[in-house]
Amino acid sequence: MLVYLIRRLFNVVATLLVVSVVTFGIFFAVPKITGSDPALMYAGRETNETALAGIRVKMGFDKPISEQYLLFVKGIVAGRDYNTGVDSTHCPAPCFGYSFKTETPVWDLMLDRIPVTLSLAVGAAVIWVIAGVATGVVSALKRRTAIDRTVMVGALAGVSLPIFFTGMVAPAVLVYGLGWLDVSNYRPLTEDPGAWLNSMILPWVTLAFLFAATYARITRATMLEVLGEDYIRTARAKGLTERVVIRKHALRSTLTPLVTMFGLDFGGLLGGAVLTETTFSFQGLGTAAVAAISAGDLPVIMGITLLAALFVVMANLIVDMLYAVIDPRVRLT
Amino acid sequence: MTAPLHDTSAETPAPVVTADVPAKAIQGRSPGRIAWMRLKRDKVALTGGIVVILLILVAVFAPQIVSLLGHPPNEFHEDLIDPDLGTPLGSLGGISSDFLLGVEPTNGRDVFSRIVYGARISLTVAFLAAFVSVVIGSLLGALAGFLGGWVDGLISRVMDLLLAFPQLLFTIALVSVVPDSLWGFEGTGVRMGVLVLVIGFFGWPYIGRVVRGQTISLREREYVEAARSLGAGRGYILIKELLPNLVAPILVYATMIIPTNILTEAALSFLGAGVKPPTASWGKMLSDAVPIYQDDPMYMVVPGLTIFITVLAFNLFGDGLRDALDPKGS
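In the annotation of an unreviewed UniProt entry, the entry for chain B reads ABC transporter permease, and the organism field reads Streptomyces antimicrobicus. What UniProt records for chain B under Subcellular location (unreviewed entry) is the sentence "Cell membrane".

Looking at an unreviewed UniProt entry, one finds chain A named ABC transporter permease and attributed to Streptomyces antimicrobicus. Quoted verbatim from the Sequence similarities (unreviewed entry) field of UniProt, the annotation for chain A is "Belongs to the binding-protein-dependent transport system permease family." Of the comments in the UniProt record for chain A, the one headed Subcellular location (unreviewed entry) reads "Cell membrane".

Okay, here's the thing in structure tokens:
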């Protein structure tokens, strides 16, 4: 178990290194090819050649790409000093550099955005897992009934709808049409829990609906397959109640493929629910990344990409550990 | 798939239901024919398939359709816009016999024409990207499963790595750094090419994983062993023995990846990383509708429903195809 964990953590670090090399290569090498100067982006329009030269030395743009990359990695692990001789800035341990546009540390910017994305992802995940699995199980148990058909038609519609469309239809119907909810901007949970909940419900439901549809479809298909297995027949034959057979025996193996999916989906969302955040104008990691991309703010793009990759690989690691809990046949070696 | 596609032996002697062929009691049916017969019975999947074919025809004959039923997609009709509000005159977003799906807010372009031309972008990108994913995915997946060892290790690692990438962000970033003219192509062509390559590239691990798993389970089968004992080389076994049996899962995943690609293309256009205006695209129409949908809901509903119907049709057809090709199905 411990050996497995260490090996996997080693894998996580390796994955992140590769992602960072590729991202760094694309975002720092491509500007070089197309001929745009990162120092110029950092300095803005009103500048002169001496200021640019100073920025190049201070930010390390004068060094070769490989050395810049090593400095970048060192900054994340151990912090980094930006030094020109005249003025020096110390950037403490998880140092992802400074935003070209706002000159704030990228790490601070990300810390600022994480609560928004986290609220969105966690709340939606709770809803979609419960709703998706429950409807999927009911649909499988009531196979070929009106309930099953209705649920599956709804689920098929759900997987075919783009969130940037439902994100407009939902407020149009629920807010302006029926007046059940109201649209409000994001408020931090620590500041005002009521306002936070109020601002989150609509995005949660919209986002969760799309995922719940996929989960319901997969749950139903897996459940039907599992119910055909020999051990379910055995469990019934030894006189267990249907309730126990479904809950203890069938549901457990139904969960395995869902857990895999959940790891990828949830990890992906934590790195920025780009479309949902854009549709509801939330200032999360996703909108920050999109804004950074259109502004050419390389350090912010790098930081968020790496953070997003970290979430995905960590989520996968946790999922693989969970396997051993859900499925007793799995041994982690 | 337990048998090669060309195997016409009576492997599944299904009882003959039709009464008009009593003479030949048992008829040989290839798995391909069985699948086609199942698909023909599945009305929902067939409807999806028909809608898909219609959409393809609309995309192919866009100029002819628009010249018959619409107005040029970039022609302004400011006389149809309320000068004070910027919304179309008349009810339902300006729908009339002349403008079948209404007009765009502010400058009054024909929504019908833009939807029809948008189908070209959407379907071209989705199909070509699916093609890229299928080619890379089946090739590398089959190689990984067939050769095993370090090749398998390397390809599997690459697939895991790609799945850990924040794909949407990456795609936006790549699209935005690509210059306007490249390799002799200009404007829309370049953007579409980049979209195809990037969406296709990030899509291949999904097919690769399935093909790899299928290849691993097939390569130990007796018929492969038989071919090997007859002196068949690796290349022959891979292409002549394994590939025909991989066609079914590849086909199913290809039809499933197309609707995903349509949604991705729409999402990228929505975020401003799709084809450049004034070229019409469904995602861009939706993002244009964001600030105005409370006053002119039709301009949001039309492209939204178009995307929905398109993706739904592909999903229905894909589901039906999967069931039809499933050897366990009845």
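1. Description of the overall build of chain B
Regarding its fold elements, chain B presents 11 helices and 2 strands. Beginning at the N terminus, the succession of helices and strands in chain B can be written as α-α-α-α-α-α-β-β-α-α-α-α-α. Residues classed as buried in chain B amount to 48% of the 330 residues present. By sequence separation, contacts in chain B at least 24 residues apart represent 73% of the contacts at least 6 residues apart. Looking at chain B as shown, the accessible area adds up to about 16,000 Å², and 66% of this sits on carbon and sulfur atoms.

2. Some words on the overall build of chain A
In terms of helices and strands, chain A carries 13 helices and 2 strands. Every one of the 333 residues in chain A was classed for burial, and the buried ones make up 46%. Of the roughly 16,400 Å² of accessible surface on chain A, 66% is carried by carbon and sulfur atoms.

3. Some words on helix α5 (residues 149-164) of chain B
Taking 1.5 Å of rise per residue, the 16 residues of α5 of chain B would be expected to cover 22 Å, and the 23 Å separating its terminal C-alpha atoms lies within 8% of that figure. Listed as buried for α5 of chain B are V151, D152, I155, S156, M159, L161, L162, L163 and A164 of chain B.

4. Thoughts on the pattern of salt bridges
All names here are of chain B. Within this structure, the stated rule accounts for 14 salt bridges over all chains. Linking R209 and D160 is a salt bridge whose minimum nitrogen-to-oxygen distance equals 2.9 Å. One end of the pair, R209, is in helix α7 (residues 188-218); the other, D160, is in helix α5, with 49 residues separating them in the sequence. For R209, a relative accessible area of 40% gives the class partly exposed. Two residues, K284 and D288, come together in a salt bridge whose shortest N-O distance is 2.8 Å. Taken together, the positions of K284 and D288, both in helix α10 (residues 282-289) and 4 residues apart, correspond to about one turn of that helix.

5. Remarks on the confidence of the model for chain B
This prediction gives chain B a mean pLDDT of 82; 88% of its residues lie at or above 70. Model confidence for the complex is summarised by a pTM of 0.84, with the ipTM given as 0.83.

6. Quick notes on the interface of chain A and chain B
Facing the 38 residues of chain A at the interface are 34 residues of chain B. When the buried area of chain A at its contact with chain B is split by residue, F164, F165 and M168 of chain A rank highest and sum to 21% of it. Counting across the chain A and chain B interface gives 1 salt bridge. Here R217 of chain A makes a salt bridge to D319 of chain B, at a shortest N to O gap of 3.2 Å. Taken together, the elements giving at least two residues each to the side of chain A that touches chain B come down to α1 (2-34), α6 (146-160), α7 (163-177), α11 (274-279), α12 (285-295) and α13 (298-326) of chain A.

7. Focus: the nonpolar core
Counting residues in each nonpolar core, the largest one holds 152 residues, and the members touching the most others are F27, W128, F164 and I304 of chain A together with L286 and I307 of chain B. Contact partners of I304 of chain A, with chain neighbours within four places excluded, come to M110, G271, L285, A288 and A289 of chain A together with L169 of chain B. With 8 residues, the next largest nonpolar core counts L39, V252, L321 and A324 of chain B among its residues.

8. Brief notes about the UniProt feature "transmembrane region" (unreviewed entry) in chain B
Residues and elements named next belong to chain B. Following the UniProt record, the feature "transmembrane region" (unreviewed entry) maps to residues 44-66, 121-146, 158-178, 190-211, 242-262 and 298-318 here. The span residues 158-178 is 86% helix and 0% strand, and its two end C-alpha atoms sit 24 Å from each other. In the segment residues 298-318, helix accounts for 100% and strand for 0%; the C-alpha atoms at its two ends are 30 Å apart.

9. What to know about the UniProt feature "transmembrane region" (unreviewed entry) in chain A
Residues and elements named next belong to chain A. Sequence positions flagged by UniProt for "transmembrane region" (unreviewed entry) are, in local numbering, residues 9-30, 116-141, 153-176, 196-216, 255-275 and 300-326. Structurally, residues 116-141 comprises 100% helix and 0% strand, and the distance from its first C-alpha atom to its last is 38 Å. Structurally, residues 153-176 is divided into 92% helix and 0% strand, and its ends, taken at the C-alpha atoms, are 26 Å apart.

10. Points about the packing of aromatic side chains
Residues and elements named next belong to chain A. According to the stated counting rule, one finds 13 aromatic pairs over all chains in the structure shown. Both rings, one in F96 and one in W107, keep their centres 5.8 Å apart while their planes meet at 15 degrees; by these two values the pair is stacked. One end of the pair, F96, is in the loop between β2 (88-91) and α5 (106-141); the other, W107, is in helix α5, with 11 residues separating them in the sequence. Judged by its relative accessible area of 10%, F96 is buried. Take W107: its relative accessible area is 26%, and that puts it in the partly exposed class. Aromatic pair F262 and F266: ring centres 5.3 Å apart, planes at 10 degrees, arrangement stacked. Of this pair, F262 and F266 both sit in helix α10 (residues 242-270), separated by 4 residues, roughly a single helical turn. The exposure class assigned to F262 is partly exposed, which follows from its relative accessible area of 25%.

11. Description of the packing of α5 of chain B against α7 of chain B
Residues and elements named next belong to chain B. For the pair α5 and α7, the least separation of the axes is 9 Å and the interaxial angle reads 135 degrees. When the axes of α5 and α7 are compared, the pair comes out oblique. For the pair α5 and α7, the crossing hand works out as left-handed. Judged by residue contacts, D152, I155, S156, V158, M159, D160, L162 and L163 of α5 engage F201, F202, W204, P205, Y206, G208, R209 and R212 from α7. In terms of residue class, the contact of α5 with α7 is made up of 10 nonpolar, 2 polar and 4 charged.

12. Some words on empty space enclosed by the protein
Applying the stated criterion to the full structure yields 2 cavities of 30 Å³ or more. Of the voids in this model, the second largest cavity is the one considered here, and its volume is about 40 Å³. Looking at the second largest cavity, the residues that line it are F27, A289, I293, I301 and T305 of chain A together with L169, F170 and A173 of chain B. At the level of secondary structure, the elements contributing two or more residues to the lining of the second largest cavity comprise α12 and α13 of chain A together with α6 (167-177) of chain B. No other element matches α6 of chain B, which puts 3 residues into the lining of the second largest cavity. Residue composition of the lining of the second largest cavity, by class: 7 nonpolar, 1 polar and no charged.

13. Quick word on the confidence of the model for chain A
Of the residues in chain A, 88% have a pLDDT of 70 or more, and the chain-wide mean is 83. Confidence, read as mean pLDDT per element, is least for helix α2 (residues 38-43) of chain A in chain A (62) and greatest for α5 of chain A (92).

14. Some words on the side chain of S156 of chain B
Along the chain, the position of S156 of chain B falls in helix α5. Side chain to side chain, S156 of chain B and R212 of chain B meet in a polar contact 3.4 Å long.

Procedures and definitions
- Residues numbered from 1 in each chain as written.
- Chains lettered and ligands numbered in written order.
- Predicted model: local features only at pLDDT ≥ 70, side-chain atom pairs only at ≥ 80, totals over all residues.
- Heavy atoms only, no water.
- UniProt positions renumbered as here; feature names shortened; annotations may be inferred.
- Helix = DSSP H or I, 4+ residues; strand = E, 2+ residues; numbered from the N terminus.
- Buried < 20%, exposed > 50% of the residue type's maximum accessible area, 1.4 Å probe, protein only.
- Contact = heavy atoms within 4.5 Å.
- Areas by Shrake-Rupley, 256 points an atom, 1.4 Å probe, with all protein chains shown as cover.
- Expected span 1.5 Å × (residues − 1).
- Salt bridge = Lys/Arg side-chain N within 4 Å of Asp/Glu carboxyl O.
- pLDDT = per-residue confidence, 0-100.
- Buried area = accessible area lost by both parts, 1.4 Å probe.
- Core = buried A, V, L, I, M, F, W, Y, C linked by side-chain atoms within 4.5 Å.
- Phe/Tyr/Trp six-rings, centres within 6.5 Å; stacked < 30°, edge-to-face > 60°.
- Axes fitted to C-alpha atoms, helices over the stretch in contact; angles between N-to-C directions.
- Parallel < 35°, antiparallel > 145°, perpendicular 65-115°, else oblique.
- Left-handed = near helix turned anticlockwise from the far one by under 90°.
- Nonpolar A, V, L, I, M, F, W, Y, C, P; charged D, E, K, R; others polar.
- 1 Å grid on protein atoms, 1.4 Å probe; cavity = no way out; pocket = protein on both sides within 12 Å on 5 of 7 lines; lining within 4 Å.
- Points joined across faces, edges and corners; volume = space filled by probe spheres on them.
- Polar contact = N/O pair within 3.5 Å; in protein donor to acceptor, adjacent residues only side chain to side chain.

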